[in-house]
Amino acid sequence: MSPGFEFLDHTADIGVRARGRSAEEVFAEAARGLFHLMYDPERVTPQQERLITLRANGYEELLYDFLSEIIYLLDADKLAMAEVEIIALSPQELRARVRGERFDPDRHDGRMHVKAVTLHQLSVEEREGEWTAVVYFDI
């Protein structure tokens, strides 16, 4: 089965297009795409867990904040996440559980340094029962 995300090239940035049958699924796929940009999540053991709770004004803002939090966990706490579970999601609130472990460059195959989520072409849409999100990252 192919992943529910694909990479998009852009000058000085890289994007992810995530697809799913629900908003929850598309948020999880966007996070998985981010994991794959930063390191090999297959090599990460889900030993530690973090609960992420966010409030915002719409799916785009929530996705921006959610992916920014995942980048923060790696940059500040040195945590590489490999699993994501969206517990609750509405246009105003996200509750998610992410699992991973302390980043080890020898084991986790560090790939690229993702500096930040950008607002460039950020979108979350639902059409005929299929959800799609597009997000670009500053690298």
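Residues numbered from 1 in each chain as written. Predicted model: local features only at pLDDT ≥ 70, side-chain atom pairs only at ≥ 80, totals over all residues. Heavy atoms only, no water.

Undergrad: Can you tell me about the pattern of salt bridges, naming the residues and giving the values?
TA: Evaluated as defined, the whole model comprises twelve salt bridges. Put simply, R97 and E49 hold a salt bridge, and the shortest N to O gap is 3.1 Å. Of this pair, R97 sits in strand β5 (residues 93-102) while E49 sits in strand β3 (residues 48-55), and the two are 48 residues apart along the sequence. When the shortest N-O distance is used, the salt bridge between R99 and E49 registers 3.1 Å. Of the two residues, R99 sits in strand β5 while E49 sits in strand β3, which places them 50 residues apart along the sequence. With a relative accessible area of 44%, E49 lands in the partly exposed category. Residues participating in the shared-partner salt-bridge network are E49, E83, E85, R97 and R99. (Salt bridge = Lys/Arg side-chain N within 4 Å of Asp/Glu carboxyl O. Helix = DSSP H or I, 4+ residues; strand = E, 2+ residues; numbered from the N terminus. Buried < 20%, exposed > 50% of the residue type's maximum accessible area, 1.4 Å probe, protein only.)

Undergrad: Break down the packing of helix α1 (residues 23-38) against helix α2 (residues 59-77) for me, with residues and values.
TA: How two helices pack is summed up by the angle between their axes together with the distance between the axes. Contact geometry for α1 and α2: axes closest at 11 Å, N-to-C directions at 35 degrees. Taken as a pair, α1 and α2 cross one another with a handedness that is right-handed. Of the residues in α2, those in contact with A23, F27, A30, A31, L34, F35 and M38 of α1 are Y59, L62, L63, F66, L67, I70, I71 and L74. Among the residues forming the contact of α1 with α2, the class breakdown is 15 nonpolar, no polar and no charged. (Axes fitted to C-alpha atoms, helices over the stretch in contact; angles between N-to-C directions. Left-handed = near helix turned anticlockwise from the far one by under 90°. Contact = heavy atoms within 4.5 Å. Nonpolar A, V, L, I, M, F, W, Y, C, P; charged D, E, K, R; others polar.)

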